Amino acid sequence: MATQEFATLTTDDLVTGEAVALDLPPASLGTRIASGLIDVTVTILLLIGLIIGLAIAALRTSEALIQVAMLGAIIVSLLVFPTAIETLTRGRSLGKLAFGLRTVRDDAGPISFQHAFVRALIGVVEIYVFMGGPAFFSALISSRGKRLGDYAAGTYVVRERVKLRLDPPAPMPPQLAAWAASADLASLPTGLTLAVRQYLGRLPQIDPASRAAIGLQLAAAVSEYVAPPPPPGTPPEVFLGAVAAARRERDARRLAREADLRRRLTARR
């Protein structure tokens, strides 16, 4: 049933643990190149500054110490700096901040030090050693614009400045309002809830044959959590809309009761 539950998802939908599909489009290749140029420019300037500063400080020391200082400057500027800034900003670099981008895990969660370190380590080779060639061609053929560092780290760069578009919730069908008020509706599994939401929100975009097939599959799955069944002859989309609206109303009342209880308990202290 897992495949059927997610039949209405698209490749751009990142599903969170709360059964919310986040439509976060991947960053375009041009935007990634522009943000990458900013990051590379800042990194090169930092490297030059560190080399000049360390060279001046080590003028009266041995040649071996100067070489160690140069190596340290390279490591700090190419590896430590990008790792630190992406870890502290949870997926942003200076270039990504400028263009509204963010690096996230493949499951849409925030990246950690490990992800940032792997991206920076691979980036030293694919961006600086090979002048960005592998990164460009990898992002060009990837559907999500992933460079080699993203594949190695399991990450994905998304456009963060996207206008939030929430489909209006499915209203309660008037013909099933009385039935839904007295029906016993158990909580649906997360995947099934998401599939119903996606199906109802995209009904106008689905061709009639797929609409009927998916509707029947979802209705059969949802009916296992509903008693009694809807009146005979009820269309699947009407039945699913009634269940979704009823669950939403009951959950809203439950949350309101819990909030009122917390307010009364805290008011006594």
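Attention here is on the structure that accompanies the text. (Residues numbered from 1 in each chain as written. Predicted model: local features only at pLDDT ≥ 70, side-chain atom pairs only at ≥ 80, totals over all residues. Heavy atoms only, no water.)

**Structural notes on the environment of Leu-50**
Along the chain, Leu-50 turns up in helix H2 (residues 29-57). What Leu-50 contacts, discounting residues up to four positions off in sequence, is Ala-73, Val-76 and Ser-77. (Helix = DSSP H or I, 4+ residues; strand = E, 2+ residues; numbered from the N terminus. Contact = heavy atoms within 4.5 Å.)

**So, the packing of helix H10 (residues 208-223) against helix H11 (residues 236-267)**
Relative to each other, H10 and H11 sit at 45°, their axes nearing to 8 Å. Considered as vectors, H10 and H11 are oriented oblique to each other. Between H10 and H11 the crossing geometry is left-handed. For the pair formed by H10 and H11, the contact residues are Arg-211, Gly-215, Leu-216, Leu-218, Ala-219, Val-222 and Ser-223 on the first element and Pro-236, Glu-237, Phe-239, Leu-240 and Val-243 on the second. Across the contact of H10 with H11, the residue classes tally to eight nonpolar, two polar and two charged. (Axes fitted to C-alpha atoms, helices over the stretch in contact; angles between N-to-C directions. Parallel < 35°, antiparallel > 145°, perpendicular 65-115°, else oblique. Left-handed = near helix turned anticlockwise from the far one by under 90°. Nonpolar A, V, L, I, M, F, W, Y, C, P; charged D, E, K, R; others polar.)

**A look at the pattern of salt bridges**
In the structure shown here, the tally under the stated rule is 12 salt bridges. Note that Arg-147 is salt-bridged to Glu-126, the shortest N-O span being 2.3 Å. Here Glu-126 lies in helix H5 (residues 113-129) and Arg-147 lies in the loop between helix H6 (133-141) and helix H7 (148-153), a separation of 21 residues in the sequence. In this structure, Arg-147 and Glu-126 share a single accessibility class: buried. (Salt bridge = Lys/Arg side-chain N within 4 Å of Asp/Glu carboxyl O. Buried < 20%, exposed > 50% of the residue type's maximum accessible area, 1.4 Å probe, protein only.)

**So, the layout of surface pockets**
Computed from the structure, the second largest pocket encloses a volume of approximately 780 Å³. For the second largest pocket, the lining is made up of 34 residues, of which Gly-36, Asp-39, Val-40, Ile-127 and Arg-147 are closest to its centre. Broken down by element, the lining of the second largest pocket gets its largest block of residues, 10 residues, from H2. Its residues placed into classes, the lining of the second largest pocket shows 21 nonpolar, seven polar and six charged. (1 Å grid on protein atoms, 1.4 Å probe; cavity = no way out; pocket = protein on both sides within 12 Å on 5 of 7 lines; lining within 4 Å. Points joined across faces, edges and corners; volume = space filled by probe spheres on them.)

**Things to note about the packing of helix H9 (residues 190-201) against H10**
Between H9 and H10, the least distance of the axes is 11 Å, while the angle of their chain directions is 145°. In the crossing of H9 with H10, the sense of the turn from one axis to the other is left-handed. Residues Leu-192, Ala-195, Val-196 and Tyr-199 of H9 touch H10, and the partners they reach there are Arg-211, Ile-214, Gly-215, Leu-218, Ala-221 and Val-222.

**Here's the deal with the side chain of Thr-103**
Here Thr-103 is to be found in strand E3 (residues 101-105). In this structure, Thr-103 is in contact with Glu-86, Arg-90, Gly-91, Lys-96, Ile-111, Arg-119, Thr-155, Tyr-156 and Val-157, ignoring residues within four places of it in sequence.

**Points about the environment of Ile-33**
By secondary structure assignment, the location of Ile-33 is in helix H2. Overall, Ile-33 belongs to the partly exposed group, its relative accessible area being 38%.

**Notes on a nonpolar patch on the surface**
Taken together, the side chains of Ile-33, Leu-37, Phe-136, Phe-137, Leu-140 and Ile-141 make up a nonpolar region of the molecular surface, amounting to roughly 630 Å² of accessible area. Among the elements of the structure, H2 and H6 are those that each provide at least two residues to the nonpolar patch. Here the nonpolar patch gets four residues from one element, more than from any other, and that element is H6. Along the chain, Ile-141 turns up in helix H6. A relative accessible area of 72% means that Ile-141 is categorised as exposed. (Patch = residues over 30% accessible without salt bridge, like charges linked within 9 Å, V, L, I, M, F, W, Y side chains within 5 Å. Areas by Shrake-Rupley, 256 points an atom, 1.4 Å probe, with all protein chains shown as cover.)

**Let's talk about the nonpolar core**
Grouped together as the largest cluster of nonpolar side chains are 26 residues, with contacts concentrated most on Trp-179, Tyr-199, Val-222, Phe-239 and Leu-240. Going through the elements one at a time, helix H8 (177-182), H9, H10 and H11 are the ones with two or more residues in this core. Top contributing element to this core by residue count: H11, with six residues. When near neighbours in sequence (up to four residues on either side) are disregarded, Leu-240 contacts Val-196, Tyr-199, Leu-200, Gly-215, Leu-218, Ala-219 and Val-222. (Core = buried A, V, L, I, M, F, W, Y, C linked by side-chain atoms within 4.5 Å.)

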